[in-house]
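Observations on the model geometry
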Amino acid sequence: MRTFRNPILPGFYPDPSAIRVGEDYYLVTSSFEFFPGVPVFHSKDLVNWRQLGHVLDRPSQLNLDHTIPSMGIWAPTIRYHEGIFYMITTYIDNDKNQHNFYVTATDPAGDWSDPVWLEDAPGIDSSLFFDNDGKVYYTGNRVPPEGQDYPKHMDIWLQEIDLAAGKLTGPKISIWQGALKVAHAQEGPHVYKIGGWYYVLIAEGGTGHTHAITIARSRNVTGPYEGHKANPILTHRHLGRQYPIVNVGHGELVETQHGDWWMFCLASRTNGGYYRNLGRETFLTPVAWENEWPVVNPGKGVLEFEAAAPDLPETKWPELPVRDDFEDRVLAPVWNFLRTPRGGFWSLTEQPGVLRLQLKPERLSEISNPSFVGRRQQHLSFRAAADMTFRPGTENETAGFVLLQNADYHFRFELGLDAGEQVLRLIERRGGSEQLLAADPYPQDKVQFKVEAKGQEYCFFYRSSEADKWIALHEGADGRVLSTDLAGGFTGAYMGMYASSQGTESGNYADFDWFSYEGLE
């Protein structure tokens, strides 16, 4: 029996939405304050995925200036109808106002259109449903029109949408308010027509430990909807905090070309206690149907790390190289910026074969667009390294390797000046306060950084070239700084390259010859 391993998308890939088009599967996830926004993936077998790029990859599509951590792009939905792909999502501003929009493309690899913003579309987690009669419906959540009966009590609503005009039309209809009153935050709705029933699949219980997936059905798209007596159809909240997969929720149903059903959902792996450095990841599990209701992972009812693979021809894509030598003229899709990149601070062509980062006045500790290029941490234990050439000109100038959860929780492994002398230093930022963990004199311009994490023990090393032995700058740093359980928010840990002139203008730059990352699990 061929098996697969969960999560199918490890690292910070939450709120998965997926579709099948013929024999091809496409999937998108949330991206919050990171740019480009909404990574889009392609698979032939539901298990092996390759990233095609991002849906929102132009500043004209996505302005994330000054977006605070964990705001930005929430819970996209991807759909396909008559040759056109649709991605609809919510942009959350710093005041937590919700702005819903959609973009379209004829090829999911892009280019996608500029946004069509929807008026009078309250709430989050927007989705589209194309009915057989040609009508199209928008679904989302909102505060119930009659008011909230308890904190975070939400209403799932539905309304027709005219996609050609970019407008909602007709009345807003409340269709369901979840399965359990104390399970707050009814959200993430998707409507499906399966057989003679309309189903609405939602998340409730909040995206933390009590997250869950519930379902209701109706003979009419506008309801009334009947909740399943076996709800929730998937959750891990009853398994306790020692269970290694937690906060399971936000599901999406997909039928294969052979008539088999599968569910995508988010969940987190804990590490060194109830700490979730990697954020919420994308998992996969089978679904059967009994009495016209879905049964998730029959006989078990939980997500598993290893399970029988879908009955589809296995299609593996070339594995991403451990090392990126920056030899292409464009960044690989694994790389992101913090917020919309402004000022042309990075280049792969000024010095071919290196990633050049111009020093910007913005700091990593600010809600800004610093000179940072990063990628997700995708393993509980990993090894990452980078080769940098840089000479600081003033004590404001610094560059190096960073491990990031957000502006107030991160590690900076950097080269800078101290009393006129070059030093390598490791700075931990926790709760907005900074602590120098270690520093060594380092007079050279070229340095290689290495970070090895085994669980929550992070160790930092350096050397001048491959011919040298690694020197430990600091061992046993507390990786929990990078967990959402300390830092808050909805994102996962990143790592990458960084250069800053810390509040001053500078013409200096740092050159990164390569960056490597590999899991150690």
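Please refer to the structure higher up on the page.
Now for a look at the structure at hand. In every chain, residue numbers begin from 1 and rise along the written sequence. Confidence filtering applies because this is a predicted model: local features only for residues at pLDDT of at least 70, side-chain atom pairs given and counted only at 80 or more, and all residues used for totals across whole chains, interfaces and linings. Side-chain measures were taken over the full set of non-hydrogen atoms in the model, leaving aside hydrogen atoms and water.

In this section: the nonpolar core. Definition used in this section: a nonpolar core is a set of buried Ala, Val, Leu, Ile, Met, Phe, Trp, Tyr and Cys residues joined via side-chain atoms within 4.5 Å. Note on classification: 1.4 Å probe, protein chains only; a residue is buried when its accessible area is under 20% of the maximum for its type, exposed when over 50%, partly exposed between these limits. In this structure, Phe-401, Leu-403 and Phe-515 are the most contacted members of the largest nonpolar core, which totals 67 residues. Core analysis: the next-biggest nonpolar cluster, separate from the first, contains 21 residues, Ile-213, Ile-233, Cys-265 and Val-287 among them.

What follows is about the sheet that holds strand β2 (residues 17-21). Across the sheet, which stays open at both edges, the four strands sit in the order β2-β3-β5-β6 with antiparallel pairing between neighbours. Two strands bound the open sheet, and with one partner strand each, they are β2 and β6 (49-56). Within this sheet the neighbouring strands show an average axis-to-axis angle of 25 degrees, counted without direction. Of the pairings in the sheet, the one linking strand β5 (residues 37-43) to β6 comprises six bridges and is antiparallel in character. By the bridge assignment, Phe-41 is partnered in β6 with Gln-51. Should DSSP find at least two bridges between two strands, the strands are regarded as paired. Numbered from the N terminus, helices here are DSSP runs of H or I no shorter than four residues, and strands are runs of E no shorter than two. Note on geometry: axes are C-alpha line fits, over the in-contact stretch for helices, and angles between N-to-C directions span 0 to 180 degrees.

For the rest of this paragraph, the subject is the pairing of strand β3 (residues 24-28). With respect to burial, β3 is a largely interior element, five of its five residues being buried. Here β3 shows no split at all, with Asp-24, Tyr-26 and Val-28 on one side and Tyr-25 and Leu-27 on the other all buried. Relative to β3, β2 runs antiparallel, the two being bridged by five bridges. Bridge pairing in β3 places Ser-17 opposite Val-28. Counting the residues between successive antiparallel strands, the hairpin from β2 to β3 contains two residues, one of them, Gly-22, with a positive phi of roughly 65 degrees. Inspection of the sheet shows β3 paired to β5 by four bridges, in the antiparallel sense.

This part takes up the pattern of salt bridges. Salt bridge, as used here: a side-chain nitrogen of Lys or Arg that lies within 4 Å of a carboxyl oxygen of Asp or Glu. If you walk through the whole model with that rule in mind, you get 32 salt bridges. With its nearest N and O atoms 3.5 Å apart, the salt bridge here joins Glu-226 to Arg-217.

On to the sheet that holds strand β20 (residues 245-255), then. Reading across the sheet, the four strands line up as β20-β21-β22-β23 and stay open at both edges, with antiparallel pairing between neighbours. In this open sheet, the two edge strands, each paired with only one partner strand, are β20 and β23 (293-296). The average undirected angle you get between the axes of adjacent strands in this sheet is 35 degrees. Sheet analysis places strand β22 (residues 281-290) next to β23, joined by four bridges and oriented antiparallel. Bridge pairing in β23 places Val-287 opposite Val-296.

Honestly, it's all geometry; don't read function into it.
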